[in-house]
Amino acid sequence: VYKISKFLADSGINIRTLSSEVRLSPQSGTELYCMTIVVEIPGSLAIGRVEDGLGVIGDQLNVDITLS
């Protein structure tokens with residue numbers, strides 16, 4: 001949570017809501033931590049920069065980050 005929220009704040013992105021839950025993987029039954037964040041991205045900020053930055057964080061943390 002910290003690294004992602006810090007990146008968003010440092011990028012001028014407002015976090016509107018953040019929720020998290022633990023789900024079971026359909027294939028293995030392993031617990032998965034899932035986080036959903038609703039944000040406001042300034043119009044002047046390129047979405048590619050956000051995707052790239054979150055991709056770096058995902059690689060560092062060995063997690064999947066999906067934007068939708």
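First, a word on scope: everything that follows refers to the structure included in this document. Bear in mind that the values here come from a model prediction, so they are computed numbers and not experimental data. (Residues numbered from 1 in each chain as written. Predicted model: local features only at pLDDT ≥ 70, side-chain atom pairs only at ≥ 80, totals over all residues. Heavy atoms only, no water.)

Quick word on the overall build of the protein chain
Turning to step 1, where the next piece is worked out: For the protein chain, the helix and strand inventory stands at 2 helices and 2 strands.
Turning to step 2, where the next piece is worked out: Each helix (α) and strand (β) of the protein chain, taken in turn from the N terminus, gives the series α-β-β-α.
Turning to step 3, where the next piece is worked out: Each principal axis of the C-alpha distribution contributes one length, and for the protein chain these read about 40 × 25 × 20 Å.
Turning to step 4, where the next piece is worked out: Put simply, the protein chain has 68 residues, and 19% of those count as buried.
Turning to step 5, where the next piece is worked out: In the form shown here, the protein chain has an accessible surface area of approximately 5200 Å², with 51% of it arising from carbon and sulfur atoms. (Helix = DSSP H or I, 4+ residues; strand = E, 2+ residues; numbered from the N terminus. Buried < 20%, exposed > 50% of the residue type's maximum accessible area, 1.4 Å probe, protein only. Areas by Shrake-Rupley, 256 points an atom, 1.4 Å probe, with all protein chains shown as cover.)

Thoughts on unusual backbone geometry
Turning to step 1, where the next piece is worked out: Here N62, not a glycine, exhibits a phi torsion of approximately 60°, which is positive.
Turning to step 2, where the next piece is worked out: Assignment of secondary structure puts N62 in the segment after α2 (47–61).
Turning to step 3, where the next piece is worked out: We classify N62 as exposed; its relative accessible area is 71%.

Section: a nonpolar patch on the surface
Turning to step 1, where the next piece is worked out: Taken together, the side chains of V1, L18, V22 and Y33 present a nonpolar region at the surface, about 390 Å² in accessible area.
Turning to step 2, where the next piece is worked out: With respect to the element layout, Y33 can be found in strand β2 (residues 31–40).
Turning to step 3, where the next piece is worked out: The exposure class assigned to Y33 is exposed, which follows from its relative accessible area of 52%. (Patch = residues over 30% accessible without salt bridge, like charges linked within 9 Å, V, L, I, M, F, W, Y side chains within 5 Å. Salt bridge = Lys/Arg side-chain N within 4 Å of Asp/Glu carboxyl O.)

Looking at the environment of R49
Turning to step 1, where the next piece is worked out: Among the structural elements, R49 can be located in helix α2.
Turning to step 2, where the next piece is worked out: Note on R49: relative accessible area 45%, which makes it partly exposed.
Turning to step 3, where the next piece is worked out: For the pair R49 and S5, spaced 44 residues apart in sequence, the C-alpha separation works out to 15 Å.
Turning to step 4, where the next piece is worked out: Those residues within four positions of R49 in sequence are excluded, and the remaining contacts are F7 and S11. (Contact = heavy atoms within 4.5 Å.)

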